[in-house]
Amino acid sequence: MPKEEFKSGFVAIIGKPNVGKSTILNFLLKEKIAIVSPKPETTRDNVQGIITTEKFQIVFVDTPGIHQPHLPLGKQIVKKARSSLSGADLLLVVMEATSGICEEDKRLLDLVRNTEIKSILLINKVDAVKKSRLLPIIEDLSVNYTFLDIIPISALSGDNMDIVKDKVLENLSAGEKYYPDGQVTDKDIKFRISETIREKVLFLTRQEVPHSIAVLIEEMAQRQDKDIMNIRACIYVERDSQKAIIIGKKGSMIKEIGSTARPEIEALVGKKVFLALWVKVLKNWRKDPRALDMLGF
Ligand SMILES: Nc1nc2c(ncn2[C@@H]2O[C@H](COP(=O)(O)OP(=O)(O)O)[C@@H](O)[C@H]2O)c(=O)[nH]1
Ligand SMILES: [Mg+2]
């Protein structure tokens, strides 16, 4: 029997903010690779999640939502999303059953229609709607667009997620190994730590602090006396009022951010962590090219 060829490919996960792209990536990877947030547009940077076996390597690319740019940061996000399409061998286009198909989805569908790249449509969050609402949505999309498949899924409960992986594999071609065995993401440890902190800030402060925060890891150092990693991170905000919210009454909020982020960071670095968090105001950093550069955008 002829030896099976090694398969590989880049699979871009695209969709408007909040449809569950990062949750899908994390489920497929069985590990927290990208942060998840109930607020839209928390992923600013493409994040790759890599699955490697003896037979294949799939590189999933989690992309920020495609939307109308109105800020320099927004512009950069759209540019990055488009650029991730150009390198993709396959697209996972994500919509959510809960909101139905809206204007933003249609814009995305047009973008997909105009590419040559094979695409699979995922209708996520089916756990949150009745089946009777789902069927007309699927029917409409299967009549008007050409997808390899339309799969209703729940990235929260895992419904149909094994089918997603099978379908992706089915549509991969023979190819090289892009990353060494064992590497699960293209992002380094500092990025993953800063994202973990950002996730906790977004989650814990809810509506009060919009996406105008950035986290910079200023120091990571192994302690000499004990097997503990000292990590100092700074949370940048745009206004004094946001700084006050993040610090909280007598420091209660920043303390909670630290205590929820620390266990996840310890899992990432594989040892105990001493986490020192600071908050600084950097006025209008999202519009300031030098600040964007410093914060790694
Ligand atoms: N009910 C439900 N919620 C989901 C599902 N997948 C994701 N979510 C939630 O949707 C929100 C946005 O998810 P996220 O992965 O950050 O979306 P992204 O912006 O597309 O990356 C989060 O609050 C998730 O917990 C799902 O299958 N069912
Ligand atoms: Mg995301």
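Now for a description of the structure that goes with this document. Only a predicted model underlies this, so the values are computations on that prediction, with no experimental measurement involved.

Here is what the cut-offs are and how they apply
- In every chain, residue numbers begin from 1 and rise along the written sequence.
- Starting at A for chains and at 1 for ligands, labels are handed out in the order in which the entities are written.
- Where totals are concerned, whole chains, interfaces and linings use all residues; where local detail is concerned, this predicted model gives features only for residues with pLDDT of at least 70, and gives and counts side-chain atom pairs only at 80 or more.
- Each side-chain value is worked out from all heavy atoms of the structure, with water and hydrogens disregarded.
- Axes, fitted as lines to C-alpha atoms, cover a helix only where it is in contact. Angles between the N-to-C directions of the axes lie from 0 to 180 degrees.
- Helix numbers and strand numbers start at the N terminus; a helix is a DSSP run of H or I with at least 4 residues, a strand a run of E with at least 2.
- Every residue pair with non-hydrogen atoms within 4.5 Å of one another is taken to be in contact.
- Residue polarity follows a fixed list, in which Ala, Val, Leu, Ile, Met, Phe, Trp, Tyr, Cys and Pro are nonpolar, Asp, Glu, Lys and Arg are charged, and the others, Gly among them, are polar.
- For every residue, the accessible area obtained with a 1.4 Å probe (protein chains only) is divided by the maximum for its type, and the residue is called buried under 20%, exposed over 50%, and partly exposed between those limits.
- Pairing of N or O atoms within 3.5 Å defines a polar contact, subject to two protein rules: one partner must be a possible hydrogen donor and the other a possible acceptor, and residues neighboring in sequence count only if both atoms are side-chain atoms.
- The criterion for a residue being near a molecule or strand is simple. One of its heavy atoms has to lie within 4 Å of it.
- Here is the rule: rings of Phe, Tyr and Trp (six-membered ring for Trp) pair when centre to centre is within 6.5 Å. Planes less than 30 degrees apart are stacked, more than 60 are edge-to-face, and the remainder are tilted.

A look at the packing of helix 7 (residues 240-247) against helix 8 (residues 252-269)
Working note: a packed helix pair is described by the angle between its axes plus the distance between those axes.
Phase 1: Axis separation between helix 7 and helix 8 bottoms out at 4 Å; the angle between their running directions is 65 degrees. Contacts from Ile-245, Ile-246 and Ile-247 in helix 7 reach Ser-252, Met-253, Ile-254 and Ile-257 in helix 8.
Phase 2: Tallied by class, the residues present in the contact of helix 7 with helix 8 amount to 6 nonpolar, 1 polar and no charged.

Brief notes about the environment of Thr-63
Phase 1: Summarising the element assignment, Thr-63 is placed in the loop between strand 3 (56-62) and helix 2 (72-86).
Phase 2: With a relative accessible area of 1%, Thr-63 lands in the buried category.

What about the side chain of Gln-48?
Phase 1: Looking at where Gln-48 falls in the secondary structure, it is placed in strand 2 (residues 47-52).
Phase 2: Taking the relative accessible area as the measure of exposure, Gln-48 reaches 13% and is therefore buried.
Phase 3: In terms of polar contacts, Gln-48 uses its side chain to reach the side chain of Tyr-179, at 2.5 Å.
Phase 4: Beyond its immediate chain neighbours, meaning those up to four positions away, Gln-48 contacts Phe-10, Ile-33, Val-59, Phe-60, Val-61, Tyr-179, Val-184, Thr-185 and Asp-186.

Quick word on the site of ligand 1
Phase 1: As a structural note, the neighbourhood of ligand 1 is formed by 16 residues, with Asn-18, Lys-21, Ser-22, Thr-23 and Asp-127 the closest of them.
Phase 2: One of the side-chain N or O atoms of Ser-22 is found 2.9 Å from an oxygen atom in ligand 1.
Phase 3: At 3.1 Å from an oxygen atom of ligand 1 is found a main-chain nitrogen or oxygen belonging to Ser-37.

Quick notes on the environment of Ile-137
Phase 1: Note that Ile-137 resides in helix 4 (residues 131-144).
Phase 2: Overall, Ile-137 belongs to the buried group, its relative accessible area being 13%.
Phase 3: With sequence-adjacent residues up to four places away left out, Ile-137 is seen in contact with Ala-97, Gly-100, Ile-101 and Ile-123.

Observations regarding the packing of aromatic side chains
The way to describe two aromatic rings as a pair is by their centre distance and the angle between their planes.
Phase 1: Applying the stated criterion to the full structure yields 2 aromatic pairs.
Phase 2: The interplanar angle of 45 degrees and the centroid separation of 6.5 Å between the aromatic rings of Tyr-145 and Phe-147 together place this pair among those described as tilted. The pair formed by Tyr-145 and Phe-147 is uniform in burial state, with each residue classed as buried.

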